[in-house]
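A closer look at the structure
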Amino acid sequence: EEQREVVVTDLPGPTLRIVRIIRIMKLLRLLRVTRIVRFVKNLRMLIFSIADTMRSLFWAMVLLIMIMFVFGMCLMQAAVDHLVEQG
């Protein structure tokens, strides 16, 4: 018994065309998956960047609130001193 491998070029015309179409579709699916993976990679980097920025933004807001509080206390003290002098 001799076993013979089937080579794609040995197939009849319509079958060969179907095999080519299937190969092209697999290739297109692979290209689509790589594009999606690249998009997800960029999206993940964007989300991590936003998260890191949120930490910095939080501390900037804390600092801003502290500055406003100190300025408000100084302004209030100056207003009270002025009103006491006015009598």
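As shown above, the structure is provided for reference.
Fair warning: this is a prediction, and the values are worked out from it, not measured in the lab. (Residues numbered from 1 in each chain as written. Predicted model: local features only at pLDDT ≥ 70, side-chain atom pairs only at ≥ 80, totals over all residues. Heavy atoms only, no water.)

**Here's the deal with the overall build of the protein chain**
Worth spelling out the cut-off: Each helix is a run of DSSP H or I of at least 4 residues and each strand a run of E of at least 2, with the numbering of both proceeding from the N terminus. Buried, partly exposed and exposed residues are distinguished by accessible area as a fraction of the type maximum, computed with a 1.4 Å probe on protein chains only: under 20%, between the cut-offs, and over 50%, respectively. Here, Shrake-Rupley sampling with a 1.4 Å probe gives the accessible areas, and only protein chains in the shown set may cover a residue.
Across its full length, the protein chain holds 1 helix and 0 strands. In the protein chain, which comprises 87 residues, the share counted as buried stands at 1%. As displayed, the protein chain has an accessible area near 8,800 Å², and 70% of this comes from carbon and sulfur atoms.

**What to know about the pattern of salt bridges**
The following threshold applies: Salt-bridge detection follows one rule: a side-chain nitrogen of Lys or Arg within 4 Å of a carboxyl oxygen of Asp or Glu.
In total, this model carries 1 salt bridge according to the counting rule given. Taking the shortest distance from any N to any O, the salt bridge between R55 and D52 comes out at 3.3 Å. Residue R55 and its partner D52 are located together in helix α1 (residues 13-86), separated by 3 residues, close to a single helical turn. Under the relative-accessibility criterion, D52 is labelled partly exposed at 41%.

**Re a positive patch on the surface**
Put simply, the test is: Here a patch means residues that are over 30% exposed by relative accessible area and free of salt bridges, tied together within 9 Å if like-charged and within 5 Å if nonpolar (Val, Leu, Ile, Met, Phe, Trp, Tyr). The convention is simple: Lys and Arg are positive, Asp and Glu are negative, and His and the chain ends are not counted. Working definition for charges: the position is that of NZ of Lys, CZ of Arg, CG of Asp or CD of Glu.
A cluster of basic residues, R17, R20, R23, K26, R29, R32, R35 and R38, forms a positive patch on the protein surface. Classification of R38 by relative accessible area gives exposed; the value is 54%.

**Focus: the packing of aromatic side chains**
Stated formally: Centre distance within 6.5 Å is the pairing criterion for rings of Phe, Tyr and Trp, where only the six-membered ring of Trp is used; planes under 30 degrees apart are then read as stacked, over 60 as edge-to-face, and the remainder as tilted.
Taken as a whole and assessed by the stated rule, the structure comprises 1 aromatic pair. Note on F58 and W59: the rings are 5.0 Å apart at their centroids and 70° apart in plane angle, and the pair reads as edge-to-face. Residue classification places F58 among the partly exposed residues on the basis of a relative accessible area of 47%. Looking at W59, the relative accessible area reads 57%, which means it is exposed.

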